[in-house]
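Geometric and topological summary
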Amino acid sequence: MIHDLYINRYGAGTQLRNQGYDIITYNITSPIISIDVNAKLFAKFIQFVNNQKEGDEEIIIMGVSMGGLVTRHALTYMEENNIQHQTKLFISFDSPQAGAHIPISMQEMSYDFAVLSFLSLVMGGVEGAEEVMALYSTLRSPAALEMNLFDLFKIENGRISSADCYETFHNNLKSLNNCNGYPKNCKNIAISNGSLKGDLQTGLNSLGNTSGNPAIKFHINNFNAFQRTLTTVAGSDNSSVSGVCPYVGIQSCNSDEEFYISNYREPIEHTPGGYYNWYGMLENIINEYDAFELDYINTRRASYIPTYSSLDLYTNNPLIDLSSYGKAVVLDNSPFDDIWWETTHDNLSHTSLTSQISNYLIDQITNYSTSDNYCKDYNLTINNVIIPNGKKELSKASNDLSIENTTVLTGGALTVKSGNKIILQPGFSVEAGADFHALIEPCSIKSCNKLEELEVTWNVPGYFNFIDRCINFIATPIGGNEVYSYKWYVDGSYVSSNSSYLHCPKSWGKDRIKCIIKSGLYTVELNQILSLVSD
């Protein structure tokens, strides 16, 4: 199953059809409802396809954008509930597996126009405001909130975070199947339209790579009010920056209460990833209606699906240069079995298909090998099962597979695959007109090690030598991987590496100690002031 926009692009559809593949398209008719609901509906469609197909060939599913998140949820839900999906390859195409960026200024702007639209019903207000109100309704829909990393209305104690339903949805998904919320019985691959070498988005830095750059400015004739939409304020650690407001509109703006940011002092709009023409969309609305007048536009696009999200990377650096680590390290820190690895391309438009991506897709689909064959069970026993007319079952085990007290009725079909042996026990029968296939075929069981955040704490035992007045610093990591690298600095100067232990010499008095600890793609920086007192 494949998204209809990609069937004939670069001849991929024709090539696959010529090799005997059937192509089915599935379009989500209600994309704004909860992803969980759409995933369960899609799971039923997968069952329908498996029961209608001829033969026992497993299917391939490509989910584009939110479709990749829906597909992941559907396949994992099916495995959790012992529903066979009979899928051998899952392709996630620039999907927000770890969330999406919707510019905060655009969220606030649409909310402002939602207010104006209400007024327009009474006062004859601003033509076109209803269109922006529709955007607001979409941004506040269940599906959008389950994907949006930074929610305008979720600001507490000077920090912005995602909506509660985002946390609920992703926590529930990750709890399924004990595999980070990913299916075990198929190969999972990912494609990101974002740069793998940490390139920032172009077009946002006409005034430098800083936050608060003006993206677009316009005014409304009827209200004689000016609007300007800026890139998100960039503080550190999601903190606010006083006195800077990324959106100025009809309503007053208090940046200490409303507008915040993240991402290593870079605006979230700059983050490497598949981009979307957020500000260009607003420009089109402004140009469509006489009530609006455009003053200037400096950029039309902003990051939408960050690279770290589409690859679901175990990292805390959204600006990370993945090319410096290499593909093997990146895969060790991602739940995917393979990713499109092309380190020369810049950030691409969200879900755009290039000839290189098309070639990668065709290679993954047509060159599928037994080494890519995954199964959930080591040994499997099929017992007390009746397979009726019109139903087709496929069961796989990496070692032994046994069938007992099971009947395949006329018109039903059962295929079993085992890496070692298949045992037909008493009570197993196949009626005339039914299909039964048994194959010895290797399959692998995924380890699915759960990825955890790297937490690091300072351990300061105290003065171990009273005469030298010396403190031992020990960085103690707690988390997923066991291989760490260390770099120690004193007042900005590098002093030592590859040890969790730092001994302070006698000459130090009051210094700033910093330790940078890395584990895989995860980095933690510790800072502490060392202040020695006299006797």
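The sections below set out a description of the structure shown in this document. Bear in mind that the values here come from a model prediction, so they are computed numbers and not experimental data.

Turning next to the sheet that holds strand E16 (residues 400-404). With parallel pairing, the three strands of this open sheet are ordered in space as E13-E16-E19. Both edges of this open sheet fall to strand E13 (380-383) and strand E19 (421-424), since each of them pairs with a single strand only. Across this sheet, the average inter-strand angle for adjacent strands is 10 degrees, counted without regard to direction. Both E13 and E16 contribute to a ladder of four bridges, which runs parallel. In the strand pairing of E16, Thr381 is matched with Ser402.

Where two aromatic rings form a pair, the distance of their centres and the angle of their planes describe that pair. Per the stated rule, a full pass over the model turns up eleven aromatic pairs. For the pair Tyr276 and Trp278, a centre-to-centre distance of 4.9 Å together with 70 degrees between the ring planes defines the contact as edge-to-face. Residue classification places Trp278 among the buried residues on the basis of a relative accessible area of 5%. Through a chain of ring-to-ring contacts, three or more aromatic side chains come together here, namely Tyr26, Phe42, Phe45 and Phe48. Here the basic side chain of Arg72 rests over the ring of Tyr182, its NZ or CZ set 3.9 Å away from the ring centre. One Lys or Arg, Lys446, reaches over the ring of Tyr374 and ends 4.6 Å from the middle of that ring.

We now examine the environment of Ile285. You can see Ile285 is positioned in helix H9 (residues 278-288). With 154 residues separating them in the primary sequence, Ile285 and Glu131 have C-alpha atoms 7.8 Å apart.

Glancing now at the pattern of salt bridges. Two side chains carrying opposite charge are able to pair once their charged atoms lie near each other. Under the counting rule described, the total for this entry stands at 14 salt bridges. A salt bridge links Glu58 to Lys396; the nearest nitrogen and oxygen atoms lie 3.2 Å apart. Linking Glu58 in the loop between helix H2 (35-52) and strand E1 (59-64) with Lys396 in strand E15 (residues 392-397), this pair joins segments that are 338 residues apart in sequence. Judged by its relative accessible area of 10%, Lys396 is buried. Here Lys197 makes a salt bridge to Asp199, at a shortest N to O gap of 2.8 Å. The class for Asp199 is partly exposed, based on a relative accessible area of 22%. Several salt bridges share partner residues, and in doing so they unite Glu58, Lys396, Lys417 and Glu441 into one network.

This paragraph deals with the state of the cysteines. Tallying each qualifying case throughout the model produces one disulfide. Bridging Cys375 to Cys443, the disulfide has an S-S length of 2.1 Å. One disulfide, between Cys375 and Cys443, carries an S-S torsion of 75 degrees and so falls in the right-handed class. With Cys375 in the loop between helix H12 (355-366) and E13 and Cys443 in the loop between strand E21 (435-440) and strand E22 (455-459), this residue pair connects regions lying 68 residues apart in the sequence. Overall, Cys375 belongs to the buried group, its relative accessible area being 1%. Looking at Cys186, it has no disulfide partner, and the nearest cysteine sulfur is the one in Cys179, 9.5 Å off.

Our focus in this paragraph is the nonpolar core. Judged by nonpolar contacts, the single largest core of 22 residues is most densely connected at Ile35, Phe42 and Ile46. Taken together, the elements giving at least two residues each to this core come down to H2, E1, helix H3 (66-80), helix H6 (142-147) and helix H7 (164-175). Here this core takes seven residues from H2, the largest share from any one element. Listed in part, the 20 residues of the second largest apolar core include Ala215, Ile285, Tyr289 and Phe292.

Here the focus is the layout of surface pockets. Of the voids in this model, the second largest pocket is the one considered here, and its volume is about 910 Å³. Contributing to the lining of the second largest pocket are 40 residues, with Pro31, Val64, Ser65, Met66 and Gly67 lying nearest its centre.

Locating Thr354 in the fold gives a position in the loop between strand E12 (338-339) and H12. A polar atom in the side chain of Thr354 sits 3.1 Å from the backbone nitrogen of Ile357. If we ignore the near neighbours within four places in the chain, the residues touching Thr354 are Tyr10, Trp340 and Leu348.

With that out of the way, let us pick up the packing of H2 against H3. Packing of H2 against H3 brings their axes to within 8 Å, and their N-to-C directions diverge by 65 degrees. Taken together, the axes of H2 and H3 are roughly perpendicular relative to one another. Here H2 runs over H3; the crossing is right-handed. Taken together, the residues of H3 that come into contact with H2 (itself represented by Ile35, Asp36, Asn38, Ala39, Lys40, Phe42, Ala43, Ile46 and Gln47) are Met66, Leu69, Val70, Thr71, His73, Ala74, Leu75, Tyr77 and Met78. Residue classes in the contact of H2 with H3 are distributed as twelve nonpolar, four polar and two charged.

Rules and cut-offs
Residues numbered from 1 in each chain as written. Predicted model: local features only at pLDDT ≥ 70, side-chain atom pairs only at ≥ 80, totals over all residues. Heavy atoms only, no water. Pairing = 2+ DSSP bridges. Helix = DSSP H or I, 4+ residues; strand = E, 2+ residues; numbered from the N terminus. Axes fitted to C-alpha atoms, helices over the stretch in contact; angles between N-to-C directions. Phe/Tyr/Trp six-rings, centres within 6.5 Å; stacked < 30°, edge-to-face > 60°. Buried < 20%, exposed > 50% of the residue type's maximum accessible area, 1.4 Å probe, protein only. Lys NZ or Arg CZ within 6 Å of the ring centre and 35° of its normal. Salt bridge = Lys/Arg side-chain N within 4 Å of Asp/Glu carboxyl O. Disulfide = S-S within 2.5 Å. Core = buried A, V, L, I, M, F, W, Y, C linked by side-chain atoms within 4.5 Å. 1 Å grid on protein atoms, 1.4 Å probe; cavity = no way out; pocket = protein on both sides within 12 Å on 5 of 7 lines; lining within 4 Å. Points joined across faces, edges and corners; volume = space filled by probe spheres on them. Polar contact = N/O pair within 3.5 Å; in protein donor to acceptor, adjacent residues only side chain to side chain. Contact = heavy atoms within 4.5 Å. Parallel < 35°, antiparallel > 145°, perpendicular 65-115°, else oblique. Left-handed = near helix turned anticlockwise from the far one by under 90°. Nonpolar A, V, L, I, M, F, W, Y, C, P; charged D, E, K, R; others polar.

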